[in-house]
Amino acid sequence: MEIQVIRSHTFPLKQLPISTYPHHRTTTVKVHAVSDNPLKLIQSGTVVAILPKDASAAINNDGYKLLDIRPEWEREKARVSGAIHVPLFVQDMDNSPLTLLKKWVHFGYIGLWTGQNFTTMNPDFVDQVEKMVPDKTTKVLVACGEGLRSMMATSKLYKNGYTNLGWLAGGFNRAVEGDFPEVEGPEKLQYATIGGVSYFFLKVLILLQAVGKND
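Worth saying up front: this structure is predicted, and the values here are computed from it rather than measured. (Residues numbered from 1 in each chain as written. Predicted model: local features only at pLDDT ≥ 70, side-chain atom pairs only at ≥ 80, totals over all residues. Heavy atoms only, no water.)

Time to look at the sheet that holds strand β6 (residues 84-85). If you walk across this open sheet you meet the 5 strands as β3-β10-β9-β4-β6, and the pairing is parallel. Taken across any chain shown, the strands that pair with only one partner, and hence form the sheet edges, are β3 (47-50) and β6. When β3 meets strand β10 (residues 165-168), the two strands line up parallel, connected through 4 bridges. Bridging from a neighbouring strand, Val48 pairs with Gly166 of β10. Taken strand by strand, helix α2 (residues 52-60) contacts β3, β4 (65-68), β9 (140-143) and β10, and its axis lies near 120 degrees from that of β3. (Pairing = 2+ DSSP bridges. Helix = DSSP H or I, 4+ residues; strand = E, 2+ residues; numbered from the N terminus. Contact = heavy atoms within 4.5 Å. Axes fitted to C-alpha atoms, helices over the stretch in contact; angles between N-to-C directions.)

Right, here's the structure in full:
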């Protein structure tokens, strides 16, 4: 099996390397096996970590396809034009007594503040990606809001045969104006994960900042 090694030096287990894409030197080497642990995949360079500021270059110049794995309610707020969308998590529609209790606890501690629905892993995630990207040698840049869900997604895709994966380091939350020139939706990408009461406080903060600049 062949993989791409992006750096010649090593990193501690807890240190997450960020690629200097596109200014890196690539060498192809043969190895016997690579762990499907998402951190190790990124640390080894098997999955390439790409910052939001470098994502457009990766897509336009190097042929990466952007795969947005956020749930639909985040994507509705803001999305990159032309991105493939396959959610890793979907809203949990089970209404059994135990699940209803979990939903109530989730709403009280998380949902009310963040606006996030109670979710479950999408059981058809890999199958849906395979329909959208049947060639598993295609370069795929996997993205979510903060980078954690997309890290999980890269591991699943690698385990199922995808060999040219990228990970949007830090997710869309780390994007700034202009990182992705064509964005659709009523919100900015970096605010799409924010909802509920926290969204109200965000708007107040933005308003206060604007007033401060005017003063």
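Turning next to the pattern of salt bridges. Scanning the entire structure with this criterion turns up 8 salt bridges. Two residues, Asp62 and Lys139, come together in a salt bridge whose shortest N-O distance is 3.0 Å. One end of the pair, Asp62, is in the loop between α2 and β4; the other, Lys139, is in the loop between α5 (125-132) and β9, with 77 residues separating them in the sequence. A residue is classified by how much of its surface remains accessible, and Lys139, at 27% relative accessible area, is partly exposed. In this structure, Lys136 and Glu130 form a salt bridge, with 2.8 Å as the shortest nitrogen-oxygen distance. Judged by its relative accessible area of 26%, Glu130 falls in the partly exposed class. (Salt bridge = Lys/Arg side-chain N within 4 Å of Asp/Glu carboxyl O. Buried < 20%, exposed > 50% of the residue type's maximum accessible area, 1.4 Å probe, protein only.)

Moving on, we get to the packing of aromatic side chains. Summed over all chains, the structure comprises 1 aromatic pair. For the pair Phe172 and Phe180, a centre-to-centre distance of 5.6 Å together with 75 degrees between the ring planes defines the contact as edge-to-face. Residue classification places Phe172 among the buried residues on the basis of a relative accessible area of 0%. For Phe180, a relative accessible area of 5% gives the class buried. (Phe/Tyr/Trp six-rings, centres within 6.5 Å; stacked < 30°, edge-to-face > 60°.)

Before going further, it helps to examine helix α6 (residues 148-159). Counted at 1.5 Å a residue, the expected span for α6 with its 12 residues is 16 Å, and the 17 Å between its end C-alpha atoms agrees. For α6, every residue scored as buried is listed here: Arg149, Ser150, Met151, Ala153, Thr154, Ser155, Leu157 and Tyr158. Two residues or fewer after α6 comes Gly161, characterised by a positive phi angle close to 105 degrees. (Expected span 1.5 Å × (residues − 1).)

With that settled, consider the environment of Ser56. Assignment of secondary structure puts Ser56 in helix α2. For the pair formed by Ser56 and Phe180, sequence separation is 124 residues and the distance between their alpha carbons is 6.2 Å. Apart from residues lying up to four places away in sequence, Ser56 is in contact with Asn61, Asp179, Phe180 and Pro181.

What follows is about the pairing of β4. Direction of pairing for β4 relative to β9: parallel, over a ladder of 4 bridges. The residue bridging Leu67 from the neighbouring strand is Val142, located in β9. As defined by bridge partners, β4 adjoins β6 across 2 bridges and the pair is classed as parallel. Opposite Leu67, over in β6, you have Ile84 as the bridge partner.

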